[in-house]
Amino acid sequence: MESITKLVRPNILALKPYSSARSEFDGEAEVFLDANENPYGEGLNRYPDPLQRALKAQISQLKGVPADRIFLGNGSDEAIDLLLRIFCQPGQDHIITLPPTYGMYKVSAGIADVAIRTVPLLPGFQPDVKGILSIANPQSKLLFLCSPNNPTGNDFTPATMRRLLDEFPGIVVVDEAYIDFSTQSSCLEWLKDYPRLVVLQTFSKAWGLAGIRLGMAFAVPALIRLFNAVKPPYNINQLTQQAALKALRDRETFEAQMLTLLAERERLRRELAALPFVQQVYPSSANFLLTQLEAPDTCYRYLMDQKIIVRNRSRVALCEGCLRMTVGKPTENDQLLTALQAFIPTNTSL
Ligand code: PMP
């Protein structure tokens, strides 16, 4: 299997990671006097498991991916940040993103002082494979494919993603934050074929746990070891690990919520499309609808006056005139639709 080592920053390859006495001990200890904790308390006085073994065992079952191919981060945002730090030498390497897409790839690159090259999506919001491959070179360390894409809501076709995995020389990160809302299969199935593939998923969307900050990265064990070497030792706190384990035991709630959200997405799409000032509602494989309408800025402010917040994407290239609306509870979607039915589109700039 092709090695990813040649893509890694030399300082990261040479890193001697932080090691705690507890991670050096394998048996069942009785007395813990190694970590300067307070002995009083009912669990939260102790540092959490730095490798989140119990939680990974459950996620491994759910996803059908061995635990040594799973990294857990403080949101998938942490995984994005760590990928930049593992692979990209500031002032030398760059990442490639396909706008319009999720904003944190660019922000994380900016923080890390890593350059970014952009290859806009084609009409239809698919990646421009030729454009990407024509600018790719050995300094192109990370390519971010967001599928389903935020804010456009569409899946990238499997053939497009496979072609990029076959031909892009660096790491291909497929951000699947919204995959549970899609009918398309996850790229997790391809992990065994592509050592340069990283798949990101999250508990923030379908699992309804944005507040606990828990993201997943799936990759070859060698890359998972690098994630573990560079992460802060206790990046997933005890309360988060407990809350995720509890949610994973209750699949019924998850399934029921998903059914409601998917039905509401269809209802919202239909009713939005019927409004006279709505020009188009893009098809969505996610839990939001990108909606192009007349007078988007006025509409955005009007909704705010009604205490309804949506995302104004009207100035984003390829999303001109669009607001992005998340699918809420049925009552919240009713509130949005009632407000929009009373909206009179007149153009005023923000
Ligand atoms: N990826 C995409 C495409 C997203 O839209 C978001 C959040 N909006 C994230 C990643 C970040 O998710 P998390 O809450 O896991 O950090």
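Definitions and limits used
- Residues numbered from 1 in each chain as written.
- Predicted model: local features only at pLDDT ≥ 70, side-chain atom pairs only at ≥ 80, totals over all residues.
- Heavy atoms only, no water.
- Axes fitted to C-alpha atoms, helices over the stretch in contact; angles between N-to-C directions.
- Helix = DSSP H or I, 4+ residues; strand = E, 2+ residues; numbered from the N terminus.
- Parallel < 35°, antiparallel > 145°, perpendicular 65-115°, else oblique.
- Left-handed = near helix turned anticlockwise from the far one by under 90°.
- Contact = heavy atoms within 4.5 Å.
- Nonpolar A, V, L, I, M, F, W, Y, C, P; charged D, E, K, R; others polar.
- Pairing = 2+ DSSP bridges.
- Right-handed = clockwise from strand over helix to strand, strands pointing away.

1. A closer look at the packing of helix α10 (residues 296-305) against helix α11 (residues 330-341)
If you want to describe how two helices pack, look at the angle between their axes and the distance between the axes. Closest axis-to-axis distance for the α10/α11 pair is 11 Å, and the angle between their directions is 125°. As the angle between them shows, α10 and α11 are arranged oblique. Handedness of the crossing formed by α10 with α11: right-handed. Facing C299, Y302 and L303 of α10, the residues of α11 in contact are L336, A339 and L340. Residue composition of the contact of α10 with α11, grouped by class: six nonpolar, no polar and no charged.

2. With respect to the sheet that holds strand β9 (residues 288-293)
Pairing is antiparallel across the open sheet formed by four strands, whose spatial order is β8-β9-β11-β10. Bordering the open sheet on either side are β8 (278-281) and β10 (311-312), each of which pairs with just one other strand. Sheet topology places β8 next to β9; three bridges connect them, and they run antiparallel. Each residue of the ladder has a partner; that of V281, found in β9, is T291.

3. Focus: the pairing of strand β3 (residues 115-118)
Pairing geometry for strand β2 (residues 94-97) and β3, over four bridges, is parallel. Bridged to I96 within β3 is R117. Read as a crossover between parallel neighbours, the route from β2 over helix α4 (residues 104-111) to β3 is right-handed.

4. A few points about the sheet that holds strand β6 (residues 197-202)
If you trace the seven strands from one edge of the open sheet to the other, you get β1-β7-β6-β5-β4-β2-β3, paired in mixed fashion. In this open sheet, the two edge strands, each paired with only one partner strand, are β1 (70-73) and β3. Neighbour-to-neighbour, the strand axes of this sheet turn through a mean angle of 25°, independent of strand direction. Here helix α2 (residues 53-63) sits on the sheet and contacts β1, β6 and β7 (215-218); the angle it forms with β1, its principal contact strand, is near 120°.

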